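If you want the building blocks of each chain, they are given just below.
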2 protein chains.
Amino acid sequence: MTPGEIVTAFINALERRDLDAACAMVTDDCEYDNVPMAKVYGPAGIRSVLEPFLAGCTSVEWVMHHQVEGGNVVMNERTDRFEIGGRWIGLGVAGLFVVTDGKISLWRDYFDQAMFTNAMTG
Amino acid sequence: MTPGEIVTAFINALERRDLDAACAMVTDDCEYDNVPMAKVYGPAGIRSVLEPFLAGCTSVEWVMHHQVEGGNVVMNERTDRFEIGGRWIGLGVAGLFVVTDGKISLWRDYFDQAMFTNAMTG
């Protein structure tokens, strides 16, 4: 699999809310950085952020608008959509991924925190 | 020039604060979207946003951390640094560019507006 295919498989696992599968695709020291919020490390760190959040969603769909790769770097532009409380919300995101030895070692998402907060509470 | 080389040349022109050169590299209907803020169109729209802002800077340096391309799409991760009032500020940005017939037809920057405001006023 190319780095881009690994990232696509990772995002597909998150859309299925299959954190076991997703966490198996990251390195032990993977940095997961939600730029305006906080960063965590490793499968346990990723799980600590995503498990409670995804548990609150009845469905998750991350629409990929563009994805490009070069060397071990993958970037994509997405609309991350979450069904919460019977309502769909969406957030525009640009993601950066670094793949090391077939696993994701860095995942950094750029977005506007106020747009996320407004979508959640709007 | 590849799409990535065109984007690099465009950013280099902005670092020189040479808006004539930068605006010559975009299509007449180019969309420039600062995602959490506003979007403008065409060379005149880009100039209306950047000219007053860059005029307030004594120096501009956009540090490119990663840039990848595929087809006519280019994405990069940057720290956009501006020297304003004798002080350097920096903002983490992920940018998406689409190049059409050798010119930039879409430029969309993802960042956190509060981080930008805090940097400007901090």
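Residues numbered from 1 in each chain as written. Chains lettered and ligands numbered in written order. Predicted model: local features only at pLDDT ≥ 70, side-chain atom pairs only at ≥ 80, totals over all residues. Heavy atoms only, no water.

Draft legend 1. Region of the structure containing the sheet that holds strand S2 (residues 38–41) of chain B. Residue and element names in this part refer to chain B. One open sheet holds the six strands; their spatial order is S2-S1-S6-S5-S4-S3, and the pairing between them is mixed. Among the strands making up the open sheet, the edge pair consists of S2 and strand S3 (59–70). Adjacent strand axes in the sheet meet at a mean angle of 20°, parallel and antiparallel pairs treated alike. In this sheet, strand S4 (residues 73–84) lies alongside S3 in antiparallel orientation, the contact comprising eleven bridges. Its bridge partner lying in S4, Gly70 is registered against Val73. In the packing of helix H1 (residues 3–15) onto the sheet, contacts are made with strand S1 (26–34), S3, S4, strand S5 (87–100) and strand S6 (103–110), and the angle to S3 comes to roughly 170°. In the packing of helix H4 (residues 113–121) onto the sheet, the strands contacted are S4 and S5, and the crossing angle to S5 comes to about 145°. (Pairing = 2+ DSSP bridges. Helix = DSSP H or I, 4+ residues; strand = E, 2+ residues; numbered from the N terminus. Axes fitted to C-alpha atoms, helices over the stretch in contact; angles between N-to-C directions. Contact = heavy atoms within 4.5 Å.)

Draft legend 2. Local environment of the sheet that holds strand S1 (residues 26–34) of chain A. Residues and elements named next belong to chain A. Strand order across the open sheet formed by six strands is S2-S1-S6-S5-S4-S3, with mixed pairing between neighbours. With partners counted over all chains shown, the strands left at the sheet margins are strand S2 (38–41) and strand S3 (59–70), one partner each. Averaged over all adjacent pairs, the angle separating strand axes in this sheet is 20°, with direction ignored. Two strands pair when backbone bridges link them, and S1 and S2 are joined in this way by four bridges, in the antiparallel orientation. When the bridges of S2 are listed, Glu31 appears paired with Tyr41. The sheet contacts of helix H1 (residues 3–15) involve S1, S3, strand S4 (73–84), strand S5 (87–100) and strand S6 (103–110), and relative to S3 the element is tilted by about 170°. Across the face of the sheet, helix H4 (residues 113–121) comes into contact with S4 and S5 while running at roughly 145° to S5.

Draft legend 3. Here's a closer look at the relation of the copies chain B and chain A. By a simple turn and slide, chain B fits onto chain A: the slide is 0.0 Å along the axis, the RMSD is 0.0 Å, and the turn is 180°. Here the transformation between the copies is reduced to the relation of a two-fold axis. Taking the C-alpha atom as reference, chain B places Asp112 of chain B closest to the rotation axis, 2.0 Å from it. Taken as a fraction of all interface residues of chain B, those also at the interface in chain A reach 100%, which identifies the copy contact as same-surface. (Least-squares fit on C-alpha atoms with pLDDT ≥ 70 in both.)

Draft legend 4. Representation of H1 of chain B in the model. All names here are of chain B. Between its first and last C-alpha atoms H1 spans 19 Å; for 13 residues at 1.5 Å apiece the expected length is 18 Å, and the two agree. Taken residue by residue, H1 has Pro3, Gly4, Ile6, Val7, Phe10, Ile11, Ala13 and Leu14 as its buried positions. Backbone geometry just after H1 places Arg17 at a positive phi near 55°. (Expected span 1.5 Å × (residues − 1). Buried < 20%, exposed > 50% of the residue type's maximum accessible area, 1.4 Å probe, protein only.)

Draft legend 5. Inspection of the pattern of salt bridges at higher detail. Under the criterion given, the structure shown has 20 salt bridges over all chains. Residue Arg108 of chain A pairs with Glu31 of chain A through a salt bridge whose shortest N-O separation is 3.5 Å. Pair noted here: Arg108 of chain A is in strand S6 and Glu31 of chain A is in strand S1, with a separation of 77 residues, a long-range link. The exposure class assigned to Arg108 of chain A is buried, which follows from its relative accessible area of 17%. On the accessibility criterion, Glu31 of chain A (16% relative accessible area) is buried. We note a salt bridge from Asp20 of chain B to Arg47 of chain B, for which the minimum N-O separation is 2.6 Å. Taken together, the residues span a long stretch of sequence, with Asp20 of chain B in helix H2 (residues 19–23) and Arg47 of chain B in helix H3 (residues 42–55) at a distance of 27 residues. Looking at Asp20 of chain B, the relative accessible area reads 53%, which means it is exposed. (Salt bridge = Lys/Arg side-chain N within 4 Å of Asp/Glu carboxyl O.)

Draft legend 6. Spatial organisation of the state of the cysteines. Under the criterion given, the structure shown has zero disulfides over all chains. Cys30 of chain A supplies the cysteine sulfur nearest to Cys23 of chain A, a cysteine that is in no disulfide, at a spacing of 8.9 Å. (Disulfide = S-S within 2.5 Å.)

Draft legend 7. Main features of H3 of chain B. All names here are of chain B. Between its first and last C-alpha, H3 extends 20 Å over 14 residues, near the 20 Å set by a 1.5 Å rise per residue. Along its length, H3 reaches its greatest deviation from straightness, about 30°, at Ser48, and the proline Pro52 lies no more than four positions downstream. Those residues of H3 lying buried are Gly42, Gly45, Ile46, Leu50 and Leu54. Of the surrounding elements, those touching the buried residues of H3 are H1, H2, S1, S2, S3 and S6. (Bend = angle between axes of the 7 residues up to and from the residue.)

Draft legend 8. Focus on the pairing of S5 of chain A. All names here are of chain A. Pairing analysis gives twelve bridges linking S4 to S5, with the strands arranged antiparallel. Along S5, the bridge assignment pairs Val73 with Val98. From the end of S4 to the start of S5, which pair antiparallel, there are two residues, and Gly85 there has a positive phi angle of about 60°. Looking at chain direction, S5 and S6 are connected through seven bridges and run antiparallel. Following the sheet pairing, Val98 is matched in S6 by Leu106. Between S5 and S6, which pair antiparallel in sequence order, lie two residues; one of them, Asp101, sits at a positive phi of approximately 50°.

In short, the description is geometric, and any link to function would need to be established separately.
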